[in-house]
Every structure is written in C-alpha cells, then in structure tokens.
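What follows is each chain in one-letter form.
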Amino acid sequence: GAKSEIHKIIRHLAAEGLAVLMISSDLPEVLGMSNRIAVMRGGTIVTVLPGRSDAHEVMAAALGQTEISHRDTEARSHFLKRTCICLASMTLLSR
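What you see is a predicted model; the values in this text were computed from it and never measured.

Asks: Describe in detail the overall build of the chain, supporting the description with residues and values.
Replies: A count of helices and strands for the chain gives four helices and two strands. Going from the N terminus to the C terminus, the chain shows its helices and strands as α-α-β-β-α-α. Taken over 95 residues, the chain has a buried fraction of 24%. Restricting the contact set of the chain to residue pairs at least 6 apart, pairs at least 24 apart contribute 32%. For the chain, the computed accessible surface area is about 6,900 Å², with 60% contributed by carbon and sulfur atoms.

Right, dumping it as structure tokens:
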C-alpha cells in the first residue's frame with residue numbers, strides 16, 4: 001500500500017546519503033526504519049537511542065521511567081545539531 005511505498009522512498013533517499021527525519025507515533029515503524037531514535041517527552045528530546053532498540057526501552061524513556069545519562073545528553077545535543085543542519089539544507093534545496 002501507500003505506507004510501504006513511502007518506506008521504499010525513505011530507504012532510497014537514505015541509501016543516497018540524504019538525512020531523513022521521520023516523525024511517527026507508530027513504534028514498530030520507528031524501530032524498523034530508524035538508525036537513531038530521538039525520544040520526546042513534553043516537547044523535549046529526553047534521549048537518543050540506537051535504531052532497532054528494544055521497544056520497552058523506548059517506551060520507558062517516553063514515559064520517564066529511566067535515568068538520563070551524560071552520554072544521552074551528549075547524543076541528544078549531537079542529534080539536534082545534525083537535525084537543524086539537515087532541515088536548513090532541505091529548506092535551501094527546495095527554493
């Protein structure tokens with residue numbers, strides 16, 4: 001269906017080296033499609049996990065049931081810097 005076509009396009013763009021920011025509340029989709037998962041709670045990224053992380057770990061972070069380590073804070077900062085650069089680049093390319 002349409003969702004599988006979108007996934008195919010996303011994989012193709014990523015294979016070409018483009019950054020893709022996918023926003024979804026569908027946890028199996030996120031786990032299957034992501035290299036990194038930024039978990040948000042209350043409008044703030046609370047941690048960044050590797051793609052294909054355990055669903056329980058992702059949900060625990062989303063529900064505030066884990067401690068945020070210094071490593072998570074550094075990963076979140078790195079993710080935000082890279083995401084801002086990608087979004088700026090995408091905006092420039094679309095003009």
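Asks: Got a sec to walk through the nonpolar core? Specific residues and values, please.
Replies: Counting nine residues, the largest nonpolar core is built from Leu27, Val30, Leu31, Ile37, Val39, Val46, Leu49, Val58 and Ala61. Listing elements by their share of this core, those giving two or more residues are α2 (27-33), β1 (36-41), β2 (44-50) and α3 (55-62). Examining the composition of this core, we find that three residues originate from one element, α2, more than from any other. When sequence neighbours within four positions are dropped, the list of residues in contact with Ile37 reads Val30, Leu31, Thr47, Val48, Leu49, Pro50, Gly51, Arg52 and Val58.

Asks: Explain the pattern of salt bridges to me, using residue names and the numbers behind them.
Replies: Applying the stated criterion across every chain yields a total of two salt bridges. One salt bridge in this structure joins Asp26 and Lys3, with 3.0 Å as the shortest N-O distance. Of this pair, Asp26 sits in the loop between α1 (2-15) and α2 while Lys3 sits in helix α1, placing them 23 residues apart in sequence. Lys8 is the salt-bridge partner of Glu5, the closest N and O atoms lying 3.5 Å from each other. Taken together, the positions of Glu5 and Lys8, both in helix α1 and three residues apart, correspond to about one turn of that helix.

Asks: Before we move on, could you go through the pairing of β2 and cite the residues and values that matter?
Replies: Most of β2 sits out of view: five of its seven residues are buried. In this structure, β1 lies alongside β2, joined through six bridges in antiparallel fashion. Looking across to β2, one finds that Arg41 is bridged to Thr44. Connecting β1 to the antiparallel partner β2 that follows it, the hairpin turn spans two residues, and Gly42 within it adopts a positive phi of roughly 65°.

Asks: Which residues make up the side chain of Ser34, and what are the values?
Replies: Its place among the elements puts Ser34 in the loop between α2 and β1. Residue class for Ser34 comes out buried when judged on its relative accessible area of 15%. In terms of polar contacts, Ser34 uses its side chain to reach the backbone carbonyl oxygen of Val30, at 2.7 Å. Setting aside its immediate chain neighbours within four residues, Ser34 contacts Met22, Gly51 and Arg52.

Conventions adopted
Residues numbered from 1 in each chain as written. Predicted model: local features only at pLDDT ≥ 70, side-chain atom pairs only at ≥ 80, totals over all residues. Heavy atoms only, no water. Helix = DSSP H or I, 4+ residues; strand = E, 2+ residues; numbered from the N terminus. Buried < 20%, exposed > 50% of the residue type's maximum accessible area, 1.4 Å probe, protein only. Contact = heavy atoms within 4.5 Å. Areas by Shrake-Rupley, 256 points an atom, 1.4 Å probe, with all protein chains shown as cover. Core = buried A, V, L, I, M, F, W, Y, C linked by side-chain atoms within 4.5 Å. Salt bridge = Lys/Arg side-chain N within 4 Å of Asp/Glu carboxyl O. Pairing = 2+ DSSP bridges. Polar contact = N/O pair within 3.5 Å; in protein donor to acceptor, adjacent residues only side chain to side chain.

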